[in-house]
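Coordinate analysis (summary)
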Amino acid sequence: MLDILEKAFDVTLVYVDPDKLHETNFDVSAADYDIAVVYQLDFLAPIFLAKGLPTVVIPMFDGSEHMPEGHWQMANQARFVAFSRHLHVKIQRAGGTSLLVKYFPKVSPNPVRRMNSLNGFFWERRPDSPINTQMIARVIGSQLDKLHIHQAPDIPWTTETALPAQFGNTEITTSQWFENVSELDDIMSQSNVYFAPRLSEGIGMGFLEAMASGMMVIAHDASTHNEYIANWQSGILYTLGIDGSPHVSPELAYELGMNGRQSVAEGRAAWLAQIPEMIDWIETTPAPDIAEVNASMLANEIPKAYLAGFGSYLQFLRRSTPLIHKMSPALDEKRSLAQRPATFPDDDEAGLVPRLSKTVMGFGTSETRPYLVSGWSHDEAGFVWMDGTVGVIRFANSAELSTSTCMTVTCHAPQSIVGQKLAVVLNGSLCGSIDVGDATQSTTFPLPDEGLRKFNEIRLFAGQALTGGADPRALSVAITSIIFE
């Protein structure tokens, strides 16, 4: 990431030790720098915003997955770059603005060869967590012919690994920290099964590099593992606490490993193509509009609350509601607008309802996002999923729409939902309903006799939503476009 930024900007790097936040100097201003980029330590973003600096936040899922809504709202005037879809959705639900990106490493030029045995590799990063040798024994047990355990934990740990009896006759080898990375590469090249060492990842360089080499990855079903691995297609996902030992043959390990390597190769091209968009997203970050917030106070209070532990930080956020409103003045407008009925006052709402100046509302772009009030997931390539069974859209009329007599909705449903229906309601009047299949389809409805009003609300009601599994969303219907004619 630093290399990418240095190709586009004159970068000053400030390393922040989370354990020594009280020693960090936040004495910078908009006169010193054009943009502040906060990498991982997203709780520091309000300090730079209060100083008037356009601020970009790059959070990591493993560090911020449990952060409450107030954490994101405190930095709502920043722009976010999310490497996790889960975080991307969470930020948007809190009213933030986020760009979803997906990193992929280079594929290994020397992929893992086809083997006649199952040879596992496990870096024991957190012996204190549920991802340990006992877990491996439960998941795959004595199916392994060999298992190499790399004993280089992230934390001080002296207890020797106790190997469960479930390994049976599995040949066990161990190593500690290597002086040369080629030693690690040599051991991994003799393995065809890689056990992801953590419950979740920010990005997950270890398991991604294993996928890039053609190893079959077995990982816990959580972000970002499940954002890269298609279960039983490009790897295996498991859930802690659920019994069961899937049968894995060397042939299957090779097939899933090669599928995973191919997905990394394809993803690498997409990642490289997205870098210019990410640079533009960062470069065009607007300056914050914050008044009457003491940046020095934030630089003192936020690190103090964070260092005191998660509970203390939560208490700080709970008692900082007035501060959050100052940091994010548009928050009340967004919430009040989301709760308003379809009939709007003519005058005092003019500044709150975005004007639609085109006859085509194309979804999946930041241009359409201001019209989406509630019930929507993040932008995807050419469409947006309704997250739940109700999606609300609001817009102000314009000259371009004044003669419209009909509305065309283009959409599709998840493959797993059979018999999906979508009702389309404009300003409280039912326009009609659609039988939605998994293929993209377009349906045209006549507008009510009165046509479009000065302010308009479209409510879309789906019959059912797909829930459960790794995806935290409740997917019902994907909307590609709404066209007025």
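Residues numbered from 1 in each chain as written. Predicted model: local features only at pLDDT ≥ 70, side-chain atom pairs only at ≥ 80, totals over all residues. Heavy atoms only, no water.

**Some remarks on the packing of helix H8 (residues 205–212) against helix H10 (residues 250–283)**
For the pair H8 and H10, the least separation of the axes is 7 Å and the interaxial angle reads 110°. Our classification of the angle between H8 and H10 gives roughly perpendicular. Where H8 approaches H10, its residues Leu 208, Met 211 and Ala 212 are matched on the opposing element by Gly 257, Gly 260, Arg 261, Ser 263 and Val 264. Grouping the constituent residues of the contact of H8 with H10 by class yields four nonpolar, three polar and one charged. (Axes fitted to C-alpha atoms, helices over the stretch in contact; angles between N-to-C directions. Helix = DSSP H or I, 4+ residues; strand = E, 2+ residues; numbered from the N terminus. Parallel < 35°, antiparallel > 145°, perpendicular 65-115°, else oblique. Contact = heavy atoms within 4.5 Å. Nonpolar A, V, L, I, M, F, W, Y, C, P; charged D, E, K, R; others polar.)

**Overview of the side chain of Thr 224**
Relative to the helices and strands, Thr 224 is located in the loop between strand E9 (216–220) and helix H9 (225–228). Thr 224 has contacts with Phe 83, Ser 84, Glu 201, Gly 202, Ile 203, Gly 204 and Phe 207, leaving out every residue within four places of it along the chain.

**Considering the nonpolar core**
Of all hydrophobic cores here, the largest spans 38 residues; its most connected members are Val 81, Phe 83, Tyr 194, Phe 207, Val 217, Trp 271 and Met 278. Counting only elements with at least two residues in this core, the list comes to helix H1 (2–8), strand E2 (55–58), helix H7 (181–189), H8, E9 and H10. Among all residues touching Met 278, those that are not within four sequence positions of it are Met 1, Ile 4, Val 81, Leu 99, Val 101 and Trp 271. By size, the runner-up hydrophobic cluster in this structure holds 37 residues, among which are Ala 45, Met 74, Phe 80 and Val 293. (Core = buried A, V, L, I, M, F, W, Y, C linked by side-chain atoms within 4.5 Å. Buried < 20%, exposed > 50% of the residue type's maximum accessible area, 1.4 Å probe, protein only.)

**A look at the pattern of salt bridges**
Applying the stated rule across the entire model yields twelve salt bridges. Here Asp 62 makes a salt bridge to Arg 198, at a shortest N to O gap of 3.1 Å. Of the two residues, Asp 62 sits in helix H3 (residues 61–64) while Arg 198 sits in the loop between strand E8 (193–195) and H8, which places them 136 residues apart along the sequence. Note on Asp 62: relative accessible area 29%, which makes it partly exposed. When its relative accessible area of 22% is taken as the criterion, Arg 198 is described as partly exposed. (Salt bridge = Lys/Arg side-chain N within 4 Å of Asp/Glu carboxyl O.)

**Considering the sheet that holds strand E3 (residues 79–82)**
Taking strand neighbours across the sheet as the criterion, the four strands line up as E1-E2-E3-E4 in an open arrangement whose pairing is parallel. Among the strands making up the open sheet, the edge pair consists of strand E1 (36–39) and strand E4 (97–100). Between one strand axis and the next, the sheet turns by 20° as a mean value, whatever way the strands run. Judged from the four bridges that link them, E1 and E2 form a sheet pairing that is parallel. In the strand pairing of E2, Val 38 is matched with Val 57. Lying over the sheet, helix H5 (residues 85–93) contacts E3 and E4, oriented at roughly 160° with respect to E4. (Pairing = 2+ DSSP bridges.)

**Some thoughts on the packing of helix H11 (residues 295–307) against helix H12 (residues 310–318)**
Two quantities define a packed helix pair, namely the angle between the axes and the distance from one axis to the other. At their nearest, the axes of H11 and H12 sit 6 Å apart, and the two run at 140° to each other. With respect to H12, the axis of H11 lies oblique. In this structure, H11 contributes Glu 301, Ile 302, Ala 305 and Tyr 306 to the contact, and H12 contributes Ser 312, Tyr 313 and Phe 316. When the residues that make up the contact of H11 with H12 are grouped by side-chain class, the tally is five nonpolar, one polar and one charged.

The values are spatial; any link to function lies outside them.
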